[in-house]
Amino acid sequence: MKIFKTLALICVLAQLFSNYAHGSGQPLELKTAVQTEGKINKNFNSKCADVPDKKTLKSGWYLWEPYQFNKITAGGYNLVGMDIELVKTLAQRLGVAIEYDQVAWQQHQADLKEGVRDIAAGATYTDVRAEYVYFSTPYRYEENSLFMMNNSDKELRFESISEFLAQVRLQNFILGVTKGFIYADPQINLFTKDESNQDIVFEYDNDVDALQALIRGEIDGFMSDRVVGAAAILNQKANSYVKEVQLNIKTPIHLMFSKKSVPLSLVDKFNNEIKEFSVSSEYKKIVKTYLYPVMLMQTIDSQWFYLIGVMGTIAFAASGIAIAAKENATLFATFLLAMVPSVGGAIIRDIITNRDEVRIFLTPSYMYYIIIIVLMGFSIVRLLEYYNKRANEDGLVDKFWDHVLVLGDALGQAAFIVTGVSIAIMAKIDPIELWGPFFAFLAASGGVILRDLIRKKRIISCFVGSFNAEVGVLWSLIFSIYLDINSYNPSPTGIRNMVIVVVTGCFVTRLMVYYLKVPNIKFRAEVVEEAVVAPPDPLQS
């Protein structure tokens, strides 16, 4: 009997060891999509061995900006997008052509299963899909977020995906999803497919439809790739009343190839090319072209970035009032001196970059702030002079206005160099390390130059004295280098933190070089002429 028990124990241990070995020593739920690369194409269909090598692959697309979308050009609509460009470039490197026509994502997958289509981009790995398609190695990653109205009466508090889904169910949160879309966390996919949750899960063809349903009040929120959701919100100009709730979940994204129509040898060629292409400068340039403008616009159109612009506008208005007070300008001249630094610089910048619209004209609130500041400043100065007739003869008043001028110009310059670099990025002007500081100079100092030209003294302050415009150029170069380094993997949080560092650093540096009297770099050293003392006249001694 002991022998039988021993044999049974050995069998059980052997079975456990076998399961552990086949599972690579990891629980199933800990395996990520990256670790599935070795098993991605395990379900090899022997019929595919007879499929001849193909020179043209049939694909499809649906509205999923910035990955794939129609762009209006002078010649009509043009299919563009990050996935479109990445796949086309990969195919060209292999000598393969890609044909596109519009199709819903769910139908696209069905066509791959039947062999009607050959390839699809932007796919998340699942075991079900792996039954009828080959998955490539990952060629990019995506992060999912929830988007909901700012004034929503439903507040979701969670620290994990399981808590998030529990809150959704508990509050009967009407959740919008895209048909056939696989989200980054398996728990979300199980939740959205569960029959018991169909009363709160609404499906839409794409993220734009889901966003419009959110605005109409049909749903409480929708889940999407965070870049796609941000692009849809910006295009619909809904950024002021729709907010993002980060879920902090990422997943690798693959190409899918139909097992019925694409030979495995071609999939292997794509895999090898992806590994080389994903570390190339061409890959980074494509990602930067489509991904970074969306992330930057998401940052620039945010409330806190708007407040930075307001801060810079008010600072320049204050410095204009200081000049007007020192030169005893009229009320109208005071308006000009206060307005030109911010408005003039923005107009010059937008005209040179050939933007479709001059942004300052679309944001009249900046002008309102200038008008209010000028009227308040002008009135206060007049009241002080009324109660102190000799105020203008007091040297302390002059020094006060000098300090206001320096502080205002320093803060205004610090705020507007950020917008200058951002506009250069969105205009897709390369290299950003060269043109970012240039447009930052236009935005921060172009208007100041115009202001100084209409002054009585006509001394262009940023070209004389200690370091001035050079400080803004230096910090805008730092900002440009940061944006370029992180262009292929942008983070709105990282951009926001860097903006704060750049604005603070520029402002503090500008004050330090002024009050410490750091000399500027000039062609020749300043010659200080000493008074010549005449020798005593011996005749008078």
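Along every chain, residues carry numbers that run from 1 in the direction the sequence is written. Thresholds applied to this predicted model are a pLDDT of at least 70 for local features of residues and 80 or more for the giving and counting of side-chain atom pairs; totals over whole chains, interfaces and linings are not thresholded and use all residues. Excluded from the side-chain calculations are hydrogens and water; all other atoms, namely the structure's heavy atoms, are used.

(A) Spotlight on the overall build of the chain. Think of it this way: any DSSP run of H or I at least four residues long counts as a helix, any run of E at least two long counts as a strand, and we number them from the N terminus. For the chain, the count of helices and strands is 17 helices and eleven strands. Looking at the chain residue by residue over its 541 residues, the buried ones come to 48%. Once local pairs closer than 6 in sequence are excluded, the contacts in the chain between residues at least 24 apart make up 77%. Roughly 28500 Å² of accessible area belongs to the chain as shown, and the carbon and sulfur atoms make up 60% of that amount. To sort residues, take the accessible area from a 1.4 Å probe on protein chains only and compare it with the maximum for the residue type: under 20% means buried, over 50% means exposed, and anything in between is partly exposed. Contact criterion: two residues are considered in contact whenever any of their non-hydrogen atoms come within 4.5 Å of each other. We get accessible surface area from the Shrake-Rupley algorithm with a probe of 1.4 Å; when it comes to residues, only the shown protein chains can shield them.

(B) Broad picture of the packing of aromatic side chains. Aromatic pairs are defined between Phe, Tyr and Trp rings, using the six-membered ring for Trp, whenever the two ring centres lie within 6.5 Å; interplanar angles under 30 degrees are classed as stacked, those over 60 as edge-to-face, and all others as tilted. Summed over the entire model, instances satisfying the criterion amount to 17 aromatic pairs. Relative to Phe 439, the ring of Phe 438 lies with its centre 5.2 Å away and its plane at 80 degrees, an arrangement referred to as edge-to-face. Its relative accessible area of 4% is what places Phe 439 among the buried residues. Cluster of aromatic residues (ring-pair linked, three or more members): Tyr 62, Trp 64, Tyr 67, Trp 105, Phe 181 and Tyr 183. Directly above the ring of Tyr 67 sits Arg 140, whose terminal nitrogen or CZ lies 3.8 Å from the centroid. We count a charge as sitting over a ring when the NZ of a lysine or the CZ of an arginine lies within 6 Å of the ring centre and within 35 degrees of the ring normal.

(C) Region of the structure containing the nonpolar core. Throughout, nonpolar core names a set of buried Ala, Val, Leu, Ile, Met, Phe, Trp, Tyr and Cys residues whose side chains join them through atoms within 4.5 Å. If you look at the biggest cluster of nonpolar residues, it comprises 120 residues, and the most contacted ones within it are Leu 57, Leu 146, Phe 164, Met 223, Leu 247, Leu 255 and Phe 257. Not counting residues up to four positions away in its chain, the partners in contact with Met 223 are Ser 145, Leu 146, Phe 164, Leu 175, Gly 176, Val 177, Tyr 183, Ile 188, Thr 192, Asp 207 and Leu 247. Ala 322, Ile 323, Val 404 and Leu 405 belong to the second-largest nonpolar core, a separate cluster that totals ten residues.

(D) Region of interest: unusual backbone geometry. Across the junction of Glu 65 and Pro 66, the peptide omega takes the value 10 degrees, indicating a cis bond. Following the sequence through the fold, Pro 66 ends up in the loop between strand 1 (56-58) and strand 2 (69-73). Phi at Asn 172 is positive, roughly 50 degrees, even though this residue is not glycine. Within the secondary structure, Asn 172 is located in the loop between helix 4 (161-170) and strand 8 (175-178).

(E) A look at the packing of helix 2 (residues 82-93) against helix 8 (residues 264-277). Relative to each other, helix 2 and helix 8 sit at 115 degrees, their axes nearing to 10 Å. Classified by the angle their axes make, helix 2 and helix 8 are roughly perpendicular. Read as a crossing pair, helix 2 and helix 8 show a hand that is right-handed. Counted together, Leu 86, Thr 89, Leu 90, Ala 91 and Arg 93 of helix 2 and Phe 270, Glu 273, Ile 274, Glu 276 and Phe 277 of helix 8 form the full contact between these two elements. Angles run from 0 to 180 degrees between N-to-C directions of axes, and those axes are lines fitted to C-alpha atoms, restricted for helices to the stretch in contact. Orientation labels follow simple angle bins: below 35 degrees gives roughly parallel, above 145 gives roughly antiparallel, 65 to 115 gives roughly perpendicular, and whatever is left gives oblique. By definition, any crossing whose near helix is turned counterclockwise from its far helix by less than a right angle is left-handed, and any crossing with a clockwise turn is right-handed.

(F) The environment of Pro 431, seen in detail. Along the polypeptide, Pro 431 turns up in the loop between helix 14 (395-426) and helix 15 (432-453). Take Pro 431: its relative accessible area is 42%, and that puts it in the partly exposed class. Separated by 53 residues in sequence, Pro 431 and Asp 484 have C-alpha atoms that sit 8.9 Å apart.

(G) Up close: the pattern of salt bridges. The rule for a salt bridge is simple: a side-chain nitrogen of Lys or Arg has to be within 4 Å of a carboxyl oxygen of Asp or Glu. Scanning all chains against the criterion turns up 20 salt bridges. Across the pair Asp 452 and Arg 455 runs a salt bridge, and its minimum N-O distance is 3.9 Å.

(H) How the structure looks around the side chain of Ser 476. Counting through the fold element by element, Ser 476 comes out in helix 16 (residues 469-485). Sequence-distant contacts of Ser 476, defined by excluding residues within four places in its chain, comprise Ile 417, Val 421, Pro 437 and Ala 440.

(I) Expanded view of a nonpolar patch on the surface. Each patch is built from salt-bridge-free residues with over 30% relative accessible area, joining like charges within 9 Å and nonpolar side chains (Val, Leu, Ile, Met, Phe, Trp, Tyr) within 5 Å. A cluster of nonpolar side chains, Leu 331, Tyr 368, Ile 371, Ile 372, Leu 375, Met 376, Ile 380 and Leu 384, forms an exposed patch at the surface whose accessible area comes to about 750 Å². Sorting elements by how many residues they give to the nonpolar patch places helix 13 (residues 365-387) first, with seven residues. Of note, Leu 375 is situated in helix 13.

(J) Up close: the environment of Asn 197. Of note, Asn 197 is situated in the loop between helix 5 (186-193) and strand 9 (201-204). Residue Asn 197 is classed as buried on the basis of its relative accessible area of 5%. Sequence separation between Asn 197 and Leu 175 is 22 residues, and the spatial gap between their C-alpha atoms is 9.9 Å. Every residue in contact with Asn 197, bar those within four places of it in the chain, is listed here: Arg 169 and Phe 191. In the analysis that follows, any N or O atom pair within 3.5 Å is treated as a polar contact, provided that within protein one partner can donate a hydrogen and the other can accept it, and provided that, for residues neighboring in sequence, both atoms belong to side chains. Here the side chain of Asn 197 touches Phe 191 through a polar contact of 3.0 Å, landing on its backbone oxygen.

(K) Inspection of helix 7 (residues 226-235) at higher detail. Counting buried residues in helix 7 gives nine out of ten residues, a clear majority hidden from the surface. Listed as buried for helix 7 are Arg 226, Val 227, Val 228, Gly 229, Ala 230, Ala 231, Ala 232, Ile 233 and Leu 234. The backbone nitrogen of Val 227 lies 2.8 Å from a side-chain oxygen of the residue at the head of helix 7, namely Asp 225. Lys 237 sits one or two residues past helix 7 and shows a positive phi near 55 degrees.

(L) Quick look at the confidence of the model for the chain. What pLDDT expresses is the predictor's confidence in each residue, scored from 0 to 100. Counting all residues, the mean pLDDT for the chain is 81, and 81% of those residues have values of 70 or more. In this model residues 43-49 is a low-confidence stretch, pLDDT under 50, and it forms 13 contacts with partners more than four residues away in sequence or in other chains. Here residues 537-541 is a poorly scored stretch, pLDDT under 50, and it has zero contacts once near neighbours within four places are set aside; other chains count.

(M) Seen up close, the packing of helix 16 against helix 17 (residues 492-515). One way to put it is that helix 16 packs onto helix 17 with a least axis distance of 9 Å and a crossing angle of 160 degrees. Overall, the two elements helix 16 and helix 17 adopt an arrangement that is roughly antiparallel. The chirality of how helix 16 crosses helix 17 is right-handed. Where helix 16 abuts helix 17, its residues Val 471, Gly 472, Trp 475, Ile 478, Phe 479, Tyr 482 and Leu 483 lie against Gly 494, Ile 495, Met 498, Val 499, Val 501, Val 502, Gly 505, Cys 506, Thr 509, Arg 510 and Val 513.

(N) View of empty space enclosed by the protein. A pocket, in this scheme, is an open set of points on a 1 Å grid over the protein atoms alone with protein on both sides within 12 Å along at least 5 of 7 lines, while a cavity is a set where a 1.4 Å probe fits but cannot get out; residues line either one if an atom lies within 4 Å of a point. Grid points are joined across faces, edges and corners, and a volume is the space filled by probe spheres set on the points. One pass over the full model with this rule turns up four cavities of 30 Å³ or more. Space inside the largest cavity adds up to approximately 90 Å³. Surrounding the largest cavity, 13 residues form its lining, Ser 59, Gly 60, Gln 68, Ala 120 and Ala 121 being those nearest its centre. For the lining of the largest cavity, the secondary-structure elements that each account for two or more residues are helix 2, helix 3 (105-114) and strand 5 (119-123).

(O) Representation of the pairing of strand 5. Of all five residues in strand 5, five are buried, a share of seventy percent or more. Strands qualify as paired when DSSP identifies two bridges or more between them. Examined bridge by bridge, strand 5 and strand 11 (residues 242-258) share three bridges and lie antiparallel to one another. Bridge assignment links Ile 119 to a residue of strand 11, and that residue is Phe 257.

(P) Geometry of helix 8. Between its first and last C-alpha atoms helix 8 spans 20 Å; for 14 residues at 1.5 Å apiece the expected length is 20 Å, and the two agree. Taken as a whole, helix 8 has its buried residues at Leu 266, Val 267, Phe 270, Asn 271, Glu 273, Ile 274 and Phe 277. A helix is expected to span 1.5 Å for every residue after the first.

(Q) The arrangement of the side chain of Arg 129 in detail. On the secondary structure map, Arg 129 appears in the loop between strand 5 and strand 6 (133-135). In this structure, Arg 129 is buried with no salt-bridge partner, the nearest side chain bearing the opposite charge being Glu 142 at 8.7 Å. Non-local contacts of Arg 129, meaning those with residues more than four positions away in its chain, are made with Trp 105, Gln 109, Ala 123, Thr 124, Phe 135, Gly 180, Ile 182 and Met 256. When charges are tallied, Lys and Arg are placed among the positive residues and Asp and Glu among the negative ones, while His and the ends of the chain are skipped.

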